[in-house]
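Listed here are the chains, written in short residue letters.
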Amino acid sequence: MPSATSCSKPLRPHAWFSPTLFRKNLTRFWPIWALYGAVWFLMLTAPFLSMGGTGRFRYSPGSFYPRGFVVELIPIGAGVSFVFGILAAMAVFSYLYNSRPAGMMHALPIRREGLFLTNYLSGLCFFLFPIAGVALLTVPAQLYAGCGADLTSVFLWAWCQALMSLFFYSFAVFCAMFTGHIMALPAFYVILNFLVLALCWLFEAMASLFLFGFPFSRTIVDHPLVSWLTPLLRYCETLRSTGAPDYRLTGLPSVFAYGLAALALAALALLAYRRRHIESAGDVVSVSWVRPIFKYGVAFCSAVALGTFLWSLFFDTDTDSVWSLLLFLLFAGALGYFVAEMLLRKTFRVFRGNWKGAVGFSLALIAAACVLEFDLTGYETRIPAAEQVAQVQVDLMGSPAPYDSFNLPASLTDPAEIAQAVALHSAVVGQKDALESQSRDYNWTTVDSPYGTIDVEELSSASFSLRYTLKDGGVLERSYSIPISRELLDDPDSPAARLEALVNAPGVADQAYFSGSYREGDRLISATITAPDREDLFVSTGSLESLLSAVHSDLDAGRLGRRFLLEDMERYETCYYNDLALTFQRADRLSAYGQNSDPQLRSDTYTITIGLQTTASDTLAVLKDLGLDAVLVTHLQLSAGS
């Protein structure tokens with residue numbers, strides 16, 4: 001029940017704040033704020049002191065440039081604040097987790113609001129005092145290092161660390177109000193920080209097992225809302241340095257947004273503290289209405305995580321029935337349910353009077369499994385009409401032969417190609433039962449060739465995804481894994497043949513090679529041809545443009561860049577061992593270097609490698625005119641010869 005001091009007169013001295021308790025917290029728990037300050041002193045201030053008199057900071061505008069060094073340390077503060085936030089909350093509110101200290105503290109002539117405010121502010125000062133101290137020491141340390149005092153970057157560091165510490169500490173205090181057991185507090189803190197992300201992972205794990213065609217990629221986990229509701233992940237994704245020469249910090253909106261959220265969490269924690277019962281000390285969950293949420297949440301997470309793990313140990317996850325999975329889900333869910341009851345009731349004798357809840361949870365789990373397995377939502381059979389699709393992206397999981405710079409996804413906008421993608425989708429859905437029960441085997445065999453014996457692939461599999469952008473703005477994505485064999489590839493109506501035709505459609509190869517790195521205005525500066533057992537051969541500078549034009553011509557016509565889903569004889573006869581490496585120089589080198597965080601796009605040059613093929617008539621004609629065709633050798637000749 002609330003203590004009598006919650007009704008203390010508002011005008012009582014120190015009713016709203018206790019300086020004595022504030023000082024006691026600072027002196028009693030000094031190792032926490034001292035360690036926090038020492039960590040930042042060693043990471044921020046000490047490097048400047050170690051460079052004193054060397055001039056290293058003064059003359060090196062790289063990672064040790066003063067502003068760059070400070071700004072690039074800011075993202076590390078998210079992890080540091082995450083750890084120390086829970087330590088500070090556990091320290092200043094530790095009296096809530098033992099009956100005698102809780103009774104003693106609430107018997108003091110201080111309002112509950114005063115107790116909360118005093119402890120909250122004292123814990124917050126565990127961060128603010130060290131941050132201010134390290135910032136004040138860093139400025140003269142920069143002067144000592146001979147690089148001048150960069151007050152802007154130091155202030156930015158201190159401001160960001162204060163806001164990140166405020167958020168994680170307030171979040172930990174909020175969690176502290178819902179438990180009466182000090183060891184449960186860090187568990188709740190970690191779980192709630194990653195709860196949304198974990199639930200999305202669990203949902204996707206279940207959906208991928210029960211729903212045919214559920215995307216392989218983490219579509220839900222990558223949603224911006226999931227990122228915002230996972231603070232540490234959001235900080236890691238957005239807090240970055242732009243690098244030289246200006247070293248600006250990105251992600252400041254996240255820092256300010258979580259700073260405002262921290263104030264809301266602190267207010268909610270105060271409301272919970274005012275209604276908290278002293279007798280809840282020692283309880284895993286101290287708020288009555290949170291108990292069923294905790295119980296069924298543990299049951300659900302146990303069912304999905306533990307049940308799926310146990311099932312994967314005993315069954316083939318590709319072919320075995322999901323009904324066997326359901327048995328493991330029910331077992332693990334019941335186990336989690338009763339474990340949660342034991343924690344809540346603090347006794348092992350929970351089976352007799354709580355079986356109804358376990359049965360209800362099991363029935364709900366069975367109902368959810370039936371909805372997914374019998375596709376009552378129509379998810380598995382939904383195929384958009386070709387005329388409703390504005391664009392479709394085709395992506396292959398893993399790079400099929402030949403192995404070069406070919407990189408999907410490719411975007412198809414031509415109505416005929418969209419119709420091909422829809423036909424492929426329909427063919428896969430039409431064979432749903434066969435594809436779900438068929439194992440993904442791989443088989444190789446040895447055959448004779450004019451150049452000797454060679455190992456070829458008879459059976460394989462391919463995983464691919466289709467992402468439709470509909471004309472009404474909607475998006476539909478599906479992923480599948482299908483078997484690949486020569487017989488299936490020769491059947492034009494099979495999913496394997498339709499997939500091969502789609503990825504080899506005219507224009508797809510040109511996108512796959514050039515849409516990633518190439519930008520309008522980039523200049524081809526060199527071209528080389530690899531050759532076995534000898535150095536690469538260079539194409540003369542005067543022939544570069546004609547060679548590039550021939551390459552684009554062959555790619556657009558589908559004579560070059562063909563993908564082979566099977567490592568069979570046709571692949572070995574068509575593909576040369578030789579690769580054509582095209583090196584380009586970026587048109588806007590300064591802009592690419594200064595503004596892009598991708599190291600590849602920040603380089604002055606980049607190389608696109610294309611595997612040569614016997615069908616590339618225009619490209620081979622240019623190489624023949626240059627006298628470079630003599631080094632060309634097919635994979636069949638080389639493999640059989642070896």
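Residues numbered from 1 in each chain as written. Predicted model: local features only at pLDDT ≥ 70, side-chain atom pairs only at ≥ 80, totals over all residues. Heavy atoms only, no water.

Peer 1: Where do I start with the nonpolar core in this structure?
Peer 2: The tendency in soluble globular proteins is for nonpolar side chains to be buried side by side. Among the nonpolar cores identified, the biggest contains 87 residues, and F93, W157, Y169, V173, M177 and Y235 are the most heavily contacted of them. The element contributing the most residues to this core is helix α8 (residues 151-176), with 17 residues. Core analysis: the next-biggest nonpolar cluster, separate from the first, contains 66 residues, I484, L499, L612 and L632 among them. (Core = buried A, V, L, I, M, F, W, Y, C linked by side-chain atoms within 4.5 Å. Buried < 20%, exposed > 50% of the residue type's maximum accessible area, 1.4 Å probe, protein only. Helix = DSSP H or I, 4+ residues; strand = E, 2+ residues; numbered from the N terminus.)

Peer 1: Please clarify how the packing of aromatic side chains should be interpreted in this entry.
Peer 2: Overall, the coordinates contain 42 aromatic pairs when judged by the stated rule. Summarising the aromatic geometry, the rings of Y36 and F127 are spaced 5.2 Å apart at their centres and angled 80° between planes, so their arrangement reads as edge-to-face. Here Y36 is found in helix α2 (residues 30-50), whereas its partner F127 is found in helix α7 (residues 112-145), with 91 residues between them in sequence. Using a relative accessible area of 1% as the deciding quantity, one classes Y36 as buried. On the numbers, 5.5 Å between centres and 75° between planes, the contact of Y518 with F584 is edge-to-face. With Y518 in the loop between α21 (508-514) and β8 (523-529) and F584 in strand β10 (residues 575-585), the pair connects residues that are 66 residues apart, well separated along the chain. Aromatic ring contacts, followed pair by pair, group Y36, F84, F93, Y95, F116, Y120, F127, Y169 and Y273 into a single cluster. For the cation-ring pair, R112 lies above Y273, with the distance from its terminal atom to the ring centre recorded as 5.7 Å. Lying over the aromatic face of F406, R563 brings its terminal NZ or CZ to 3.9 Å of the ring centre. (Phe/Tyr/Trp six-rings, centres within 6.5 Å; stacked < 30°, edge-to-face > 60°. Lys NZ or Arg CZ within 6 Å of the ring centre and 35° of its normal.)

Peer 1: Looking at this model, I keep getting lost on the packing of helix α14 (residues 291-314) against helix α15 (residues 322-345). Mind explaining?
Peer 2: The packing of two helices is summarised by the inter-axis angle and the distance between the axes. Remark: α14 packs on α15, axes separated minimally by 6 Å, with the N-to-C direction vectors making an angle of 140°. Comparing their axes, α15 and α14 come out oblique. The element α14 and its partner α15 pack so that their crossing is right-handed. Taken together, the residues that form the contact of α14 with α15 break down as 20 nonpolar, six polar and three charged. (Axes fitted to C-alpha atoms, helices over the stretch in contact; angles between N-to-C directions. Parallel < 35°, antiparallel > 145°, perpendicular 65-115°, else oblique. Left-handed = near helix turned anticlockwise from the far one by under 90°. Nonpolar A, V, L, I, M, F, W, Y, C, P; charged D, E, K, R; others polar.)

Peer 1: Please clarify how unusual backbone geometry should be interpreted in this entry.
Peer 2: Trans is the prevailing form of peptide bonds, just as negative phi is the prevailing case for residues other than glycine. Note that the residue after A401, namely P402, is joined by a cis bond; omega there is 0°. Within the secondary structure layout, P402 lies in the loop between β3 (389-396) and β4 (410-412). For the bond from L408 to P409, the omega torsion is 20°, close enough to zero to count as cis. Positionally, P409 belongs in the loop between β3 and β4. Even without a glycine there, the phi angle at K346 is positive, about 55°. Inspection of the secondary structure assignment puts K346 in the loop between α15 and α16 (355-373). Take K346: its relative accessible area is 54%, and that puts it in the exposed class.

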